Amino acid sequence: MPRIARRTFLAGLGGAALTACTSPSGGPQPPTPDGFEGSGAPSPTPLPRVTVNAVNGPVLVPGEPQRVVVLDTDVLDSALTLGITPVGAALPAADTRFPDYWPVSRTTGIRLVGPAGAPDLDAVRALRPDLILSNQARDGDRYEQLRGIAPTVLTQTTGAPWKADFQLHAQALSREAAAAAFVAAYQKHAGQVVQALSAAKLSGRRVSLVRFVEGGGIRLFGRQSFPGTVLADAEAGRPDAQNVDQSDFEIPLDQLAKADGDLLLYATYGDPAKAGTDAALASPAWQALGAVKAFRAFPVDDQLWFQGIGYTGANFMLDELQRFLGA
């Protein structure tokens, strides 16, 4: 896939979403500037309710929900990818803005309802949602409170099972046709990246994933993580220490050698000083890494590579991976 601007790519996604999401009721109605549906026109006839088999059991949700609240970054990507702008969203505590791989025009009107894992339930209730999406790891302990506000669909967790989770989100959002289109487009894109890397004799290059986490140390990411699965789709190699069936693991500064690879991609969650990024990058251990000495270590957007967790985020990651590898 040729390297393309995010704005151009998203324009294509938006067109696909509008085409695939057209419904018998006339398609999704655009929100007013404050994120609420306009009341001047009569509401379309509600569609029959849908039963979704979520991790928390069968959940009866409205057909084509109009006022969706998302409480983690994966469901934010799913909703926006499928052409639905949530009325409310929770973001990780250290994030103060929506991911900028989405243009502002797509996130304007979404109201923040507190940090992921500790949302403000009064703020959620005030938005009058007809559907809430999250996962058991974040919100399992407040499921009863959430379902008292609106039908609530939870997946087990987030990260590695993002493709299966997306299918559940699509069902809950009555967007199965759009979901199928995006899955097919992603598979085609991944195949094109594989071909481009092969043609450039870059197949199997070992790609290291490092995340500096405020309050969580230096973390390396294995195969069972969102970015790990995207690298696998591109048939990229992994350093031995990260070629493991787990999501991520913490290492001390004196084990930074495990972060080496043919290409090293690193991101920071939180403040770089508090997350240890500044200290690590200035350390002799970091400077001794082969990828650093070869100028093959690059910072990446944490909200994209580690929080995007969806098909739109994954598409951008494939494009960036191809660029970083020079194919």
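Bear in mind the structure is a predicted one, so any value in this text is a computation, not a measurement.

*Asks:* Would you take a moment to explain the pattern of salt bridges for this structure?
*Replies:* One side chain can pair with another of opposite charge once the charged atoms of both are near each other. With the rule as written, the count across this model stands at 12 salt bridges. Residue arginine 175 is joined to glutamate 64 by a salt bridge in which the shortest nitrogen-to-oxygen separation is 3.7 Å. Of this pair, arginine 175 sits in the loop between helix 7 (162–172) and helix 8 (176–199) while glutamate 64 sits in the loop between strand 2 (57–63) and strand 3 (68–70), and the two are 111 residues apart along the sequence. Here arginine 175 falls in the buried class, since its relative accessible area comes to 4%. Here the salt bridges do not stand alone but share partners, grouping Asp139, Asp141 and Arg142 into one network.

*Asks:* Hey, could you run me through the nonpolar core in this one?
*Replies:* General note: in soluble globular proteins, nonpolar side chains tend to be found buried as a group. Formed by 62 residues in total, the largest nonpolar core has its most connected members in Leu133, Val153 and Trp305. Other than its neighbours up to four places away in sequence, valine 153 contacts Val52, Ala54, Asn56, Val59, Val61, Leu131, Ile132, Leu133, Ser134, Leu168 and Ala172. Core analysis: the second largest hydrophobic core is formed by 16 residues, Val210, Ile218, Ile251 and Ala291 among them.

*Asks:* Help me understand unusual backbone geometry in this model?
*Replies:* For residues that are not glycine, phi is negative in most cases, and the peptide bond is trans in most cases. For glutamate 235, which is not a glycine, the phi torsion comes out positive at approximately 60 degrees. Mapped onto the fold, glutamate 235 is located in the loop between helix 9 (226–233) and strand 10 (248–251). Here isoleucine 309, not a glycine, exhibits a phi torsion of approximately 45 degrees, which is positive. Of note, isoleucine 309 is situated in the loop between helix 14 (302–305) and helix 15 (311–325). We classify isoleucine 309 as buried; its relative accessible area is 8%.

*Asks:* Looking at this model, I keep getting lost on the environment of valine 113. Mind explaining?
*Replies:* The residue valine 113 is located in strand 5 (residues 111–115) in this model. Taking the relative accessible area as the measure of exposure, valine 113 reaches 1% and is therefore buried. For valine 113 and alanine 123, which are 10 residues apart along the polypeptide, the C-alpha to C-alpha distance reads 5.6 Å. Those residues in contact with valine 113, other than ones at most four positions away along the chain, are Leu71, Gly88, Ala89, Ala90, Pro119, Asp120, Ala123, Val124 and Leu127.

Rules behind the numbers
All residue numbers refer to positions counted from 1 along the written sequence of the respective chain. Residues qualify for local features only when their pLDDT is at least 70, as the model is predicted, and side-chain atom pairs are given and counted only at 80 or more; totals for whole chains, interfaces and linings, by contrast, use all residues. Processing note: side-chain calculations cover all non-hydrogen atoms of the structure and skip hydrogens and water entirely. A carboxyl oxygen of Asp or Glu within 4 Å of a side-chain nitrogen of Lys or Arg is what we treat as a salt bridge. In DSSP terms, a helix is any run of H or I states spanning at least four residues, a strand is any run of E spanning at least two, and both are numbered starting from the N terminus. Under the scheme applied here, a residue whose accessible area is under 20% of the maximum for its type counts as buried, over 50% as exposed, and between as partly exposed, the area being computed with a 1.4 Å probe on protein chains only. Put simply, buried Ala, Val, Leu, Ile, Met, Phe, Trp, Tyr and Cys residues joined by side-chain atoms within 4.5 Å make one nonpolar core. By definition in these notes, contact holds between two residues if any of their heavy atoms fall within 4.5 Å.

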